[in-house]
Amino acid sequence: MQLGLDFGRVEALVAGVDEVGRGPLCGAVVTAAVILDPARPILGLNDSKKLSEARREVLSEEIREKALAWCIARAEVEEIDRLNILHATMLAMRRAVEGLAVTPRLALIDGNRCPELAVPCAPVIKGDAQVPAIAAASILAKVARDREMLVLDALYPGYGLARHKGYPTAVHLEALARLGPTPIHRRSFAPVRELLDVVSSRRAPASASTS
């Protein structure tokens, strides 16, 4: 039975940072930073992808209640298209750390690189499966983004956003080809960009014939 990560690894004033939403074709990339309280353990922390939706929801509320500090931040679609997804993710991570009510003495970042921060930081590959604070951040970010996709599904019906959360599934790609991109789709991502190029090429001869 998976009881979560070793809470003995929680260090005072160390922030865990993670992101959700680098791969989807639409929506913001969402990040979170969490400083856990060693005196208030949270059982069951784990990589958010390894937890059920119901378990993530429960843990998200417990993290918000028990953590010394937490912050959820984001980079919008316009920023992703302007900066590229990597730099937009680094920007959102920096916003999450800077938004903490308590200044950490160290930020541990899930992955193989760190954003530019005013505090010391270090990357941890597969950190969401090793570091409790990073696992907590992954849960907060995942729950926040999933909730947002439910709202966007109601605003943009027909794409199945509530189900696939914007990832490039067959259902999403078919809907995108049939309905076209919405304002929340990332123009810099290949499937969206290629579709826009096709639409543009179809319109070009008509425009030329009237000139």
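Residues numbered from 1 in each chain as written. Predicted model: local features only at pLDDT ≥ 70, side-chain atom pairs only at ≥ 80, totals over all residues. Heavy atoms only, no water.

- Per an unreviewed UniProt entry, the chain goes by the name Ribonuclease HII and belongs to Azorhizophilus paspali.
- Per UniProt, the chain carries the Function (unreviewed entry) text "Endonuclease that specifically degrades the RNA of RNA-DNA hybrids."
- Under the UniProt heading Sequence similarities (unreviewed entry), the note attached to the chain is "Belongs to the RNase HII family." (UniProt positions renumbered as here; feature names shortened; annotations may be inferred.)

1. Re the overall build of the chain
Item 1. Of regular secondary structure, the chain possesses 7 helices and 5 strands.
Item 2. Beginning at the N terminus, the succession of helices and strands in the chain can be written as β-β-α-β-α-α-β-β-α-α-α-α.
Item 3. Residue burial in the chain is summarised as follows: out of 211 residues, 47% are buried.
Item 4. Partitioning the intrachain contacts of the chain with sequence separation of at least 6 by distance along the chain shows that 63% fall at a separation of at least 24.
Item 5. Surface summary for the chain: the accessible area is close to 10,400 Å², and the carbon and sulfur share equals 56%. (Helix = DSSP H or I, 4+ residues; strand = E, 2+ residues; numbered from the N terminus. Buried < 20%, exposed > 50% of the residue type's maximum accessible area, 1.4 Å probe, protein only. Contact = heavy atoms within 4.5 Å. Areas by Shrake-Rupley, 256 points an atom, 1.4 Å probe, with all protein chains shown as cover.)

2. Points about unusual backbone geometry
Item 1. Notably, Leu13 is not glycine yet its phi reads approximately 60°, a positive angle.
Item 2. Tracing the backbone through its elements, the reader meets Leu13 in the segment before strand E1 (14–20).
Item 3. Leu13 sits in the partly exposed class, given a relative accessible area of 32%.
Item 4. With a phi close to 55°, Lys126 is a non-glycine residue in the positive phi region.
Item 5. Tracing the chain through its elements places Lys126 in the loop between strand E5 (121–124) and helix H4 (132–155).

3. Remarks on the UniProt feature "binding site: a divalent metal cation" (unreviewed entry) in the chain
Item 1. Under the UniProt annotation, "binding site: a divalent metal cation" (unreviewed entry) lies at Asp18, Glu19 and Asp110. A maximum C-alpha distance of 7.9 Å is found for the annotated residues, which run over 93 residues; spatially they form one tight group. Checking the annotated residues one by one, the ones that line the largest pocket turn out to be Asp18, Glu19 and Asp110.
Item 2. Structurally, the position occupied by Asp18 is in strand E1.
Item 3. Residues in contact with Asp18, not counting those within four places in the same chain, are Val30, Thr31, Ala32, Met93, Asp110, Asp128, Ile134, Ala137, Ser138 and Ala141.
Item 4. With respect to the element layout, Glu19 can be found in strand E1.
Item 5. Residues in contact with Glu19, not counting those within four places in the same chain, are Val29, Val30, Thr31, Thr89 and Met93. (1 Å grid on protein atoms, 1.4 Å probe; cavity = no way out; pocket = protein on both sides within 12 Å on 5 of 7 lines; lining within 4 Å.)

4. A look at the environment of Pro183
Item 1. Tracing the backbone through its elements, the reader meets Pro183 in the loop between helix H6 (170–179) and helix H7 (190–209).
Item 2. Residue classification places Pro183 among the exposed residues on the basis of a relative accessible area of 59%.
Item 3. Beyond its immediate chain neighbours, meaning those up to four positions away, Pro183 contacts Val77 and Tyr156.

5. Observations concerning the layout of surface pockets
Item 1. The volume enclosed by the largest pocket comes to roughly 220 Å³.
Item 2. What lines the largest pocket is a set of 14 residues, and nearest its centre among them are Glu19, Val20, Gly21, Lys49 and Tyr167.
Item 3. Counting residues per element, the ones that place at least two in the lining of the largest pocket are E1 and H4.
Item 4. Sorting elements by how many residues they give to the lining of the largest pocket places E1 first, with 3 residues.
Item 5. Class assignment of the residues belonging to the lining of the largest pocket gives a composition of 2 nonpolar, 4 polar and 8 charged. (Points joined across faces, edges and corners; volume = space filled by probe spheres on them. Nonpolar A, V, L, I, M, F, W, Y, C, P; charged D, E, K, R; others polar.)

6. Some words on the packing of helix H1 (residues 53–66) against H4
Item 1. Following both chains from N to C, one finds H1 and H4 inclined at 120°, their axes separated by 9 Å at the closest point. H1 and H4 meet at a crossing whose hand is left-handed. Packed against H1, whose contacting residues are Arg56, Glu57, Leu59, Ser60, Glu61, Ile63 and Arg64, the element H4 presents Ala136, Ile139, Leu140, Lys142, Val143, Asp146 and Arg147 at the interface.
Item 2. A per-class count over the contact of H1 with H4 returns 6 nonpolar, 1 polar and 7 charged. (Axes fitted to C-alpha atoms, helices over the stretch in contact; angles between N-to-C directions. Left-handed = near helix turned anticlockwise from the far one by under 90°.)

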